[in-house]
Amino acid sequence: MWYDVFYWTHKLQFVFWVTLILHAKDDFWKVFILPFAIYILEKGRKYVDAFRWGRVTRIVEVNLLPNKMSQLVIKRPEGFHYKPGDYIFLKAPHLGWTSWHAFTISSAPEQKDILWLHIKASGNWTRHLRRHYENSSDKWDDISLCIEDDDEAQLNETRFDQFHNESDEIVQSIGNLNTVALLDGPYSASTASFFDTEHAVLISAGIGVAPFVSVLGSVVRRRLASQAGQTHGKGRGPLGKLQRLDFFWIVREHSSVQWFADLLHDAQQQHHELADDCPFIMDFHIYVTSVPQQEELEVLQMGLKMHHELHGVDALTGLRTETKCGRPKWPAVFRDLSAQSRHGSVHVFYCGPQGLEKELRWFSAQHRFHFSWENF
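Let me sum up the structure you'll find in this document. Just so it is clear, the model here is predicted, and its values are computed rather than measured.

### Some thoughts on the packing of aromatic side chains
Thinking step 1. Counting across every chain of the model gives 16 aromatic pairs.
Thinking step 2. Arranged with centres 5.9 Å apart and planes meeting at 35°, the rings of Phe103 and Trp125 form a pair that is tilted. Placement of the pair is Phe103 in strand E4 (residues 101-104) and Trp125 in helix H4 (residues 124-134), with a sequence separation of 22 residues. No difference in accessibility class separates Phe103 from Trp125, as the two residues are buried.
Thinking step 3. By way of ring pairs, the aromatic residues Phe248, Trp330, Phe334, Trp362, Phe363 and Phe369 are connected into one cluster.
Thinking step 4. Across the ring face of Phe195, the terminal group of Arg222 is positioned such that the distance to the ring centre comes to 3.8 Å.

Written as C-alpha cells, this is what we have:
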C-alpha cells in the first residue's frame, strides 16, 4: 500500500512539468524536450525488451523459508545468459503493474532451466509478496526443515538445548504455479571478476549472501563439469585463476542458515571428496550473532565444540563447519587472510549493510587487499 502511495505521489512530477511549461517562457520547452524524451525512452525500454527478447516468463514455484525468506523459482527464458551474482529487475503483475524491483539471482548460471530469487520480507512490496503466498494456504505442501538430532549428541545443558531446538521450522512449498513475471536484465555486479581472482574472500550479512550463493553454486557445478571432462575456455581451468575461497556469512539466527543448507552441504561434501585431486582450498566461516548472555555463551560454545569434535558436524547447522557465536573479530580475521598470501592476491567481496562495509574497506586497505562491495 505505502509503496503505491510513494510511487503515485512521485508521478505527480508530470503535473509539475506540464504546469512549468505552461507558465515558463516560450523557449523553455526547447530545453525540456530532450531530457524528457530520454526519460520516456528509458522507461519504455524495460517493457519493449521484456516482450521482444522473451523476458516474459513464469513463476513456477514459491518456497516460504524461515525468518521471512521467500524463494521464487522462475522458468529461465531462452537465451538468458548471466554471470554469478548478477541481478535483475522483476515485475510481478499479480502484485501490481506499477513497479520494477531489483533482486540478485541466487541460482548458478549453470542451472539451465530455472532462476532462483531469494527475497526477504523487509519492505512494503516484499512483505506484500510474502503475505500473498501465505494467504494461499490451500495450496501449501508442508515440508519439515529439520536438523537431525542424534541421541548420542544430546547435551546435558538445558540452556544449550533451548537454543538448539528453537530452529525447528517449517517450509511451505507452493508448486505447479504458472504466474506471469517480467524480467529486465541481467545487470553485472561486483562478482563479475570472481573467477579472475586468485584468493577470493566472500563476506556477507543476512540476505546479502544471495550473490555469493550463486557464486558457490557455480563453483560446485564447474567442478562437477570438470570431473565429466568439460572445458571452460582455452587455457583456463574450471575455476579460472581461483586458488582459494574463504566464505564468511554472518546471520542473526542460526535457522537462517537453512535458507541454503543443501547448497552449503553439497559444496563442503564435494570439496572434501576432491581435496586430494585438486589444489583448490575452500573454507567456510559462519557466525551467529543472536546468542545468550555471556555466562550462557561459554556453555553454548563448549557444547558446540564438543559436538563438532565427536561427530564432525555442527550441532546447529549440520555442516562440517563449526558455527561461531558472536561477531567476527575482524583484526584477527584479516591477519589470518594476510598470512595466506601464498595463494595469490586477495580480493574481498562484500554484500550487506553499509556500516560493516566501511569497517571492511578500512581493513582491506590496511592489508592492501582489493575490495568490492554491494549494499542493501
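### Details of the pattern of salt bridges
Thinking step 1. Enumeration over the complete set of coordinates arrives at 5 salt bridges.
Thinking step 2. Between Arg130 and Glu134 there is a salt bridge; the shortest N-O distance is 3.0 Å. A residue pair is termed a helical-turn pair when its members lie 3 or 4 positions apart in one helix, as Arg130 and Glu134 do in helix H4 at 4 residues.
Thinking step 3. Under the relative-accessibility criterion, Arg130 is labelled buried at 11%.
Thinking step 4. Note that Asp246 is salt-bridged to Arg244, the shortest N-O span being 2.9 Å.
Thinking step 5. Exposure remark for Asp246: the relative accessible area of 2% places this residue in the buried category.
Thinking step 6. Taken together, the shared-partner salt bridges connect Arg244, Asp246 and Asp283 into one network.

### Observations regarding the sheet that holds strand E10 (residues 244-251)
Thinking step 1. With respect to topology, 6 strands assemble into an open sheet ordered E12-E11-E10-E9-E13-E14, the strand pairing being parallel. Two strands bound the open sheet, and with one partner strand each, they are strand E12 (324-325) and strand E14 (370-375).
Thinking step 2. Pairing analysis gives 8 bridges linking E10 to strand E11 (residues 281-288), with the strands arranged parallel. Bridge assignment links Arg244 to a residue of E11, and that residue is Ile281.

### A few points about the nonpolar core
Thinking step 1. Formed by 32 residues in total, the largest nonpolar core has its most connected members in Phe194, Leu202, Leu216, Leu245, Phe247, Trp249 and Leu264.
Thinking step 2. Of all elements in the fold, only strand E9 (199-205), helix H6 (210-227), E10, helix H7 (261-274), E11 and strand E13 (346-352) reach the threshold of two or more residues within this core.
Thinking step 3. Top contributing element to this core by residue count: H6, with 6 residues.
Thinking step 4. With 23 residues, the next largest nonpolar core counts Ile59, Leu90, Leu95 and Leu177 among its residues.

### Some words on the side chain of Ser106
Thinking step 1. Within the fold, Ser106 resides in the loop between E4 and strand E5 (114-120).
Thinking step 2. In contact with Ser106, not counting residues within four places along its chain, are Trp116, Leu117, His118, Ala210, Val213 and Ser214.

### Considerations on unusual backbone geometry
Thinking step 1. In this model, Gly185 is joined to Pro186 through a cis peptide bond whose omega is 10°.
Thinking step 2. Structurally, the position occupied by Pro186 is in strand E8 (residues 179-187).
Thinking step 3. The phi torsion at Lys68 lies on the positive side, around 65°, for a residue other than glycine.
Thinking step 4. Along the chain, Lys68 falls in the loop between strand E1 (56-65) and strand E2 (69-75).
Thinking step 5. Lys68 sits in the exposed class, given a relative accessible area of 53%.
Thinking step 6. At Asn176, a residue that is not glycine, the phi angle is positive and equals roughly 55°.
Thinking step 7. Checked against the element boundaries, Asn176 lands in the loop between strand E7 (169-174) and E8.

### A closer look at a nonpolar patch on the surface
Thinking step 1. Taken together, the side chains of Ile33, Leu34 and Ile38 present a nonpolar region at the surface, about 300 Å² in accessible area.
Thinking step 2. Along the chain, the position of Leu34 falls in helix H3 (residues 28-52).

### Here's the deal with the pairing of E10
Thinking step 1. In terms of burial, E10 is largely enclosed, as 8 of its 8 residues are buried.
Thinking step 2. Neither face of E10 is open: one carries Arg244, Asp246, Phe248 and Ile250, the other Leu245, Phe247, Trp249 and Val251, and all of them are buried.

### Comments concerning helix H10 (residues 354-366)
Counting along an α-helix, one turn takes 3.6 residues, and residues three or four places apart therefore face a common direction.
Thinking step 1. Over its 13 residues, H10 extends 19 Å from the first C-alpha to the last, a length consistent with the 18 Å expected when each residue adds 1.5 Å.
Thinking step 2. If you check which residues of H10 are buried, you get Leu356, Glu357, Leu360, Phe363 and Ser364. Looking straight down H10, one finds that the buried residues subtend no more than 135° of arc, so they occupy a single side. Facing away from the buried side of H10, by more than 90 degrees, are the exposed residues Gly355, Lys358, Trp362, Ala365 and Gln366.

Conventions we followed
- Residues numbered from 1 in each chain as written.
- Predicted model: local features only at pLDDT ≥ 70, side-chain atom pairs only at ≥ 80, totals over all residues.
- Heavy atoms only, no water.
- Phe/Tyr/Trp six-rings, centres within 6.5 Å; stacked < 30°, edge-to-face > 60°.
- Helix = DSSP H or I, 4+ residues; strand = E, 2+ residues; numbered from the N terminus.
- Buried < 20%, exposed > 50% of the residue type's maximum accessible area, 1.4 Å probe, protein only.
- Lys NZ or Arg CZ within 6 Å of the ring centre and 35° of its normal.
- Salt bridge = Lys/Arg side-chain N within 4 Å of Asp/Glu carboxyl O.
- Pairing = 2+ DSSP bridges.
- Core = buried A, V, L, I, M, F, W, Y, C linked by side-chain atoms within 4.5 Å.
- Contact = heavy atoms within 4.5 Å.
- Patch = residues over 30% accessible without salt bridge, like charges linked within 9 Å, V, L, I, M, F, W, Y side chains within 5 Å.
- Areas by Shrake-Rupley, 256 points an atom, 1.4 Å probe, with all protein chains shown as cover.
- Expected span 1.5 Å × (residues − 1).
- Arc of directions from axis to C-beta.

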